[in-house]
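An overview of the molecular structure
Next come the chains, spelled out residue by residue.
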Amino acid sequence: MSKVLIAYATKHGCAAECAKDLSGKMNAETDLWDLKEKKNIDVGVYDKIIIGGSIYAGRIMKEVRDFCTKNESVLKGKKLGLFICGTAEGDTAKQQVEKSFPQELLNAALVKESFGGKIQLSKMNFMERKIIKAVAKLESDMSNVSESVMDRFAQIINEA
């Protein structure tokens, strides 16, 4: 039986929600690790590894970058999936995926996607809310998380 690791980092919870949803779509034993809480993970015991994180101020969370750099040589030999959570769409979202992970891992990945994102004003501090309201012209929460993209991602990983 194969074993799946979903390692993620999040600022306001979207990547955690997506990781949890994704774990429910896996047809193998799956471990979820928040990279902000768990620093030393033995990636060698997993057959399939999914790495994801939230895009914040145009960049993926530092914990995701550090995890990828530290484990790159082992990760590129695994069945690998990469995802981001961010509200950008289309070509901008694709560019964010490409900027978020080392090139070696992007080349090795079976699938790489943007699941979409959420803006949850209630989870932000005063300055974050002020910036989002000014830049994005938002007065309430929004979400463009795509269940169908997540389903397709899970199917690719499950079939690998």
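Structural notes, computed from the coordinates.

The rules behind each value
- Residues numbered from 1 in each chain as written.
- Predicted model: local features only at pLDDT ≥ 70, side-chain atom pairs only at ≥ 80, totals over all residues.
- Heavy atoms only, no water.
- Helix = DSSP H or I, 4+ residues; strand = E, 2+ residues; numbered from the N terminus.
- Rg over C-alpha atoms; globule rule 2.2 N^0.38 Å.
- Buried < 20%, exposed > 50% of the residue type's maximum accessible area, 1.4 Å probe, protein only.
- Areas by Shrake-Rupley, 256 points an atom, 1.4 Å probe, with all protein chains shown as cover.
- Lys, Arg positive; Asp, Glu negative; His and termini not counted.
- Charge placed at Lys NZ, Arg CZ, Asp CG, Glu CD.
- Disulfide = S-S within 2.5 Å.
- Contact = heavy atoms within 4.5 Å.
- Core = buried A, V, L, I, M, F, W, Y, C linked by side-chain atoms within 4.5 Å.
- Axes fitted to C-alpha atoms, helices over the stretch in contact; angles between N-to-C directions.
- Parallel < 35°, antiparallel > 145°, perpendicular 65-115°, else oblique.
- Left-handed = near helix turned anticlockwise from the far one by under 90°.
- Nonpolar A, V, L, I, M, F, W, Y, C, P; charged D, E, K, R; others polar.
- Pairing = 2+ DSSP bridges.
- Right-handed = clockwise from strand over helix to strand, strands pointing away.
- Salt bridge = Lys/Arg side-chain N within 4 Å of Asp/Glu carboxyl O.

Considerations on the overall build of the protein chain
Of the regular secondary structure elements, the protein chain holds six helices and eight strands. Listed N to C, the secondary structure of the protein chain is β-α-β-β-β-α-β-α-α-β-β-α-β-α in terms of helices and strands. In summary, the protein chain has a C-alpha radius of gyration of 15 Å against a globular reference of 15 Å for 160 residues, a match within 12%. Oriented by its inertia axes, the alpha-carbon framework of the protein chain measures out at about 50 × 30 × 25 Å. Expressed as a percentage of its 160 residues, the buried residues of the protein chain come to 47%. As displayed, the protein chain has an accessible area near 8,300 Å², and 49% of this comes from carbon and sulfur atoms. Put simply, the protein chain has 25 plus and 22 minus side-chain charges, and the middle of one group is 4 Å from the middle of the other.

Considerations on the state of the cysteines
Evaluation of the coordinates by the stated rule reveals zero disulfides. Lacking any disulfide linkage, Cys68 is separated from the closest cysteine sulfur, that of Cys85, by 14 Å. Given a relative accessible area of 1%, Cys68 falls into the buried group. Not part of a disulfide, Cys85 finds its nearest cysteine sulfur in Cys18, a span of 3.6 Å. The exposure class of Cys85 is buried, given its relative accessible area of 3%.

Let's talk about the environment of Glu63
Inspection of the secondary structure puts Glu63 in helix α2 (residues 62-75). The class of Glu63 is partly exposed, set by a relative accessible area of 22%. Measuring from C-alpha to C-alpha, the distance between Glu63 and Ala9 comes to 6.3 Å, with 54 residues separating the pair along the chain. The contacts of Glu63, once residues within four sequence positions are left out, are Ala9, Leu35, Lys36 and Lys39.

Some points on the nonpolar core
Counting 24 residues, the largest nonpolar core has Leu5, Ile49, Ile51, Val64, Phe67, Leu82 and Phe101 as its most contacted members. Secondary-structure elements contributing two or more residues to this core are β1 (3-9), β3 (48-56), α2, β5 (79-85) and α4 (103-108). Beyond its immediate chain neighbours, meaning those up to four positions away, Val64 contacts Ala9, Leu35, Ile51, Gly52, Gly53 and Phe101. Tyr8, Leu22, Ile50 and Val149 belong to the second-largest nonpolar core, a separate cluster that totals 20 residues.

What to know about the packing of helix α1 (residues 14-25) against helix α6 (residues 147-159)
One way to put it is that α1 packs onto α6 with a least axis distance of 9 Å and a crossing angle of 50°. As judged from the angle between their axes, α1 and α6 are oblique. When the axes of α1 and α6 are compared, the crossing they make is right-handed. For the pair α1 and α6, contact is made by Cys18, Asp21, Leu22 and Lys25 and by Glu147, Met150, Asp151, Phe153, Ala154 and Asn158, respectively. Grouping the constituent residues of the contact of α1 with α6 by class yields five nonpolar, one polar and four charged.

Details of the pairing of β1
Burial of β1 is extensive: six of the seven residues sit out of reach of the surface. Judged from the six bridges that link them, β1 and strand β2 (residues 29-34) form a sheet pairing that is parallel. The residue bridging Val4 from the neighbouring strand is Thr30, located in β2. Regarding topology, α1 serves as the crossover connection from β1 to the parallel β2, and that connection is right-handed.

Concerning the pattern of salt bridges
In the structure shown here, the tally under the stated rule is eight salt bridges. With its nearest N and O atoms 4.0 Å apart, the salt bridge here joins Glu29 to Lys3. Taken together, the residues Glu29 in strand β2 and Lys3 in strand β1 connect sequence positions 26 residues apart. On the accessibility criterion, Glu29 (44% relative accessible area) is partly exposed. Judged by its relative accessible area of 24%, Lys3 falls in the partly exposed class.

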